[in-house]
Amino acid sequence: MGLFISFEGTEGCGKTTQIQLLAKFLESRGIACILTREPGGTAVGEAIREIFLRSSNTALIPLTELLLVTAARVQHIHEVIMPGLAAGRIVLCDRFFDATAAYQGYAAGVPLELIERSHELFCGNLAPDLTLLLDCPLELGIARSRARNKAAGQELSEGRFEDKEMAFHAKVRQGYFARADKAPERFHIIDAGETIESIHENIVSSVTAKLREKGYAV
Ligand code: TMP
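Attention in this report is confined to the structure presented alongside it. (Residues numbered from 1 in each chain as written. Predicted model: local features only at pLDDT ≥ 70, side-chain atom pairs only at ≥ 80, totals over all residues. Heavy atoms only, no water.)

## Regarding the overall build of the chain
Secondary structure summary: the chain contains eight helices and five strands in total. Traced from its N-terminal end to its C-terminal end, the chain shows the element sequence β-α-β-α-α-β-α-α-β-α-α-β-α. Expressed as lengths along the three principal axes of its C-alpha atoms, the size of the chain is roughly 50 × 40 × 35 Å. By the burial criterion, 50% of the 218 residues in the chain qualify as buried. Within the chain, counting contacts between residues at least 6 apart in sequence, those at least 24 apart form 77% of the total. In the form shown here, the chain has an accessible surface area of approximately 10,200 Å², with 57% of it arising from carbon and sulfur atoms. Between the mean site of the 24 positive side-chain charges and the mean site of the 28 negative ones, the chain shows a separation of 1 Å. (Helix = DSSP H or I, 4+ residues; strand = E, 2+ residues; numbered from the N terminus. Buried < 20%, exposed > 50% of the residue type's maximum accessible area, 1.4 Å probe, protein only. Contact = heavy atoms within 4.5 Å. Areas by Shrake-Rupley, 256 points an atom, 1.4 Å probe, with all protein chains shown as cover. Lys, Arg positive; Asp, Glu negative; His and termini not counted. Charge placed at Lys NZ, Arg CZ, Asp CG, Glu CD.)

This is how it looks when you write it as structure tokens:
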């Protein structure tokens, strides 16, 4: 079996940049990895992502969100994650189930029991081996992601969550910390307020420690 690593954090925390830097680092060490994301990662998942994130879809209620991300995840696990792990690859995933607990659960109010039960029923309770939680000041992250979406243009806008008020994002952040408290051996919290280079170094040291623990020569 390979190794499953997820990246999490509030909006604009820089995880997409960091996941790409980590993939490059691992490849430079001769370790091939699969870089993927949620919602998305498959053709069906990317189509769901489009519905899920489109700013104009203001009518979506949190329970529908749960069903959409879960459907995308079931497909993603089946098509990408499990085959990748079975082939011994390292799967780097930009968000996974902790995002559902933090956004739909802690922030949007869907009961956590329902969220956990659906993960158990549909996703076999799959958990990453390591979750890197990038933590940065909310205001900084939101400003960064709104600017990025604006630059991408109104049509392509993925801004439905960035458009939410600060109190929502504060609950997402608290939700992530609550998840990390429950699984401290899996979560590594990374200070994402630092420079891109030093965040990358911290991520590399977390990941190489985990790889060595699992018997990889790095
Ligand atoms: P991102 O790829 O830029 O992080 O955007 C994904 C957005 O989707 C982000 O706002 C978090 C949200 N999201 C959920 O609300 N629930 C989920 O289960 C996942 C995977 C993402």
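Resuming the write-up.
## Description of the sheet that holds strand S3 (residues 90-94)
As summarised here, the arrangement of the five strands in space is S2-S3-S1-S4-S5, forming an open sheet in which the pairing is parallel. Across the chains shown, the open sheet's two edge strands, defined by having one partner strand only, are strand S2 (33-37) and strand S5 (187-191). Each neighbouring strand pair of the sheet contributes to a mean axis angle of 20 degrees, computed without reference to strand direction. For strand S1 (residues 3-9) and strand S4 (residues 130-135), the ladder comprises five bridges, and the chain directions are parallel. Of the residues in S4, the one forming a bridge with Gly9 is Leu134. Here helix H8 (residues 196-213) sits on the sheet and contacts S1, S3, S4 and S5; the angle it forms with S4, its principal contact strand, is near 165 degrees. (Pairing = 2+ DSSP bridges. Axes fitted to C-alpha atoms, helices over the stretch in contact; angles between N-to-C directions.)

## Topic: the packing of helix H2 (residues 43-53) against helix H3 (residues 62-86)
Running from amino to carboxyl end, H2 crosses H3 at an angle of 160 degrees, the nearest separation of the two axes being 8 Å. One element, H2, and the other, H3, form an angle in the roughly antiparallel class. Here H2 runs over H3; the crossing is left-handed. Across the interface between the two elements, Val44, Gly45, Ile48, Ile51 and Phe52 of H2 pack against Glu65, Leu68, Val69, Ala71, Ala72 and Gln75 of H3. (Parallel < 35°, antiparallel > 145°, perpendicular 65-115°, else oblique. Left-handed = near helix turned anticlockwise from the far one by under 90°.)

## Describing the site of the ligand
Neighbouring the ligand are 15 residues; Glu11, Lys15, Arg95, Thr100 and Gln104 lie closest to it. Here Arg95 contributes a side-chain N or O atom positioned 2.6 Å from an oxygen atom of the ligand. Protein contact buries 95% of the 480 Å² of open area that the ligand shows by itself. Secondary-structure elements contributing two or more residues to the shell around the ligand are H2, H3 and helix H4 (97-107). Among the elements that make up the shell around the ligand, the one with the highest residue count is H4 (four residues). Each residue belonging to the shell around the ligand can be placed in one class, and the counts come to seven nonpolar, two polar and six charged. (Near = heavy atom within 4 Å. Polar contact = N/O pair within 3.5 Å; in protein donor to acceptor, adjacent residues only side chain to side chain. Nonpolar A, V, L, I, M, F, W, Y, C, P; charged D, E, K, R; others polar.)

Functional significance is not addressed by these values, which are geometric in nature.
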